[in-house]
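Overview (structure and organization)
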Amino acid sequence: MKKLGFIASFLALIFLLATGCTSTKKTNDDLKKNDKPVVVEEKKTPLQVIKETEKVLPTIKAYKFTRSTLEKGNGQTYNNIETGVEQLNPEVAHFTNSRNTEYYYDKQNIYMKKDGQWTRQTNTDGKVLVSVLFTNNIDFLIKNLGTKEEVPGVTVTKNGDEYVVSIDYLIFKDPTMTDAEYAQAKAETIKRKTELTIDANTFEPKKYTFNYESKAGSLRSVELDLSTYTSPIVIPSEVVQSATQAPAQNQTQSTTPST
């Protein structure tokens with residue numbers, strides 16, 4: 001009887017081992033069937049990214065923005081942060097800066113509120129929008145890349161959900177410069193670089209940065225963060241009616257640098 005019991009136990013053990021192996025094999029097969037194919041993302045060139053962005057820009061009606069500007073040179077330092085909104089058509093901007101001054105801009109007038117009082121002056125150069133820093137560089141790249149997918153000094157990298165298109169002016173030669181001018185600029189410059197950050201899904205602009213440093217010690221840096229905005233921007237009637245003409249010595253320079 002003991003012998004029969006031993007044989008029965010041995011057969012049961014073999015059955016369990018066989019069942020276990022079969023189960024494991026089935027699980028492995030199932031895992032193989034459920035494996036998803038690896039999708040290799042196509043690498044985009046600077047021209048491809050810029051052209052996609054060029055298509056999107058006309059659909060944007062307004063932006064919310066923050067712009068930081070830092071300049072050093074000739075023993076002086078300028079540092080300012082502007083935060084606000086701008087509308088592209090008609091062109092109107094409303095923002096405040098880090099000096100607690102509030103502004104409304106349109107193509108004809110600049111309204112400035114300081115110490116609780118609104119003043120008005122003529123917008124002599126007609127500049128309103130800070131987003132032209134981004135748009136102008138898109139136009140510049142489209143013009144100078146032409147049909148070339150990439151050129152020396154112009155690169156694109158993908159960081160998560162963003163493309164960053166860079167222009168390194170120590171490598172990329174601006175076609176408007178002569179060889180002599182370019183050689184002199186390189187000899188005098190430590191760094192001159194522009195970067196455009198673009199949403200990898202929508203191709204909307206997200207950021208513009210410019211950094212310049214000379215061997216003589218001057219420095220200029222601009223960082224512009226952008227996001228789309230939909231609400232209409234209108235200069236309030238009470239601002240227009242209460243604003244007094246600004247004295248000549250208090251005239252404001254344009255909010256849009258030419259970088």
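Residue positions are given per chain, counted from 1 along the sequence in the order it is written. Owing to the predicted nature of the model, reporting of local features is limited to residues with pLDDT of at least 70; listing and counting of side-chain atom pairs is limited to 80 or more, with chain, interface and lining totals taken over all residues. In computing side-chain values, all of the structure's heavy atoms are included and hydrogens and water are not.

A short note on the packing of helix α2 (residues 46-56) against helix α3 (residues 132-145)
In this analysis an axis means a line fitted to C-alpha atoms, helices contributing only their contacting stretch, and an angle means the value between N-to-C directions, from 0 to 180 degrees. Elements are defined by DSSP. Helices are runs of H or I of four residues or more, strands are runs of E of two residues or more, and each kind is numbered from the N terminus. Packing of α2 against α3 leaves a shortest axis separation of 10 Å and a crossing angle of 130°. As far as their axial angle goes, α3 and α2 are oblique. Along this stretch, α2 crosses α3, giving a crossing that reads as left-handed. For the pair α2 and α3, the contacting residues are P46, L47, I50, K51, T53 and E54 in the first and F134, I138, L141, I142 and L145 in the second. Residue polarity is assigned by list, with Asp, Glu, Lys and Arg as charged and Ala, Val, Leu, Ile, Met, Phe, Trp, Tyr, Cys and Pro as nonpolar; anything else, Gly included, falls into the polar class. Tallied by class, the residues present in the contact of α2 with α3 amount to eight nonpolar, one polar and two charged. Roughly parallel means an angle under 35 degrees; roughly antiparallel, over 145; roughly perpendicular, 65 to 115; everything else is oblique. Crossing handedness is defined as follows: a turn of the near helix away from the far one that is anticlockwise and smaller than a right angle gives a left-handed crossing, while the clockwise case is right-handed. Note on contacts: a residue pair qualifies if any of its non-hydrogen atoms lie within 4.5 Å across the two residues.

Observations concerning the pairing of strand β4 (residues 102-106)
Across the five residues that make up β4, a large majority, four, are buried. Two strands form a pair only when DSSP identifies at least two bridges running between them. Bridge count between strand β3 (residues 91-97) and β4: five bridges; the pairing is antiparallel. In the strand pairing of β4, F95 is matched with Y103. Connecting β3 to the next strand, β4, in antiparallel fashion are four residues, including N100 with a positive phi near 60°. The turn joining β4 and strand β5 (residues 109-114), which pair antiparallel and follow one another in sequence, is formed by two residues. Only protein chains enter the accessibility calculation, which uses a 1.4 Å probe. A residue is then buried if its area is under 20% of the maximum for its type, exposed if over 50%, and partly exposed in between.

Comments concerning the pattern of salt bridges
Salt bridge, as applied in this entry: a Lys or Arg side-chain nitrogen positioned within 4 Å of an Asp or Glu carboxyl oxygen. Under the defined criterion, the tally for this structure stands at nine salt bridges. With a closest N to O distance of 3.6 Å, K207 and D225 form a salt bridge. On the criterion of sequence distance, the pair formed by K207 in strand β10 (residues 205-214) and D225 in strand β11 (residues 219-228) is long-range, its members being 18 residues apart. K207 sits in the partly exposed class, given a relative accessible area of 25%. Exposure remark for D225: the relative accessible area of 30% places this residue in the partly exposed category. Connected via shared salt-bridge partners are K207, E223 and D225.

Quick look at the sheet that holds strand β12 (residues 244-245)
Taken together, the 12 strands give an open sheet; going across it, the order is β7-β8-β9-β10-β11-β1-β2-β3-β4-β5-β6-β12, and neighbouring strands pair in mixed fashion. Every other strand in the sheet has two partners, leaving β7 (154-159) and β12 as the edge strands with one partner each. In this structure, strand β2 (residues 76-88) lies alongside β3, joined through seven bridges in antiparallel fashion. The residue bridging V85 from the neighbouring strand is H94, located in β3. Those strands touched by helix α4 (residues 179-188) are β9 (189-199) and β10, and its axis lies near 95° from that of β9.

Note that all results are geometric; they support no functional claim without further evidence.
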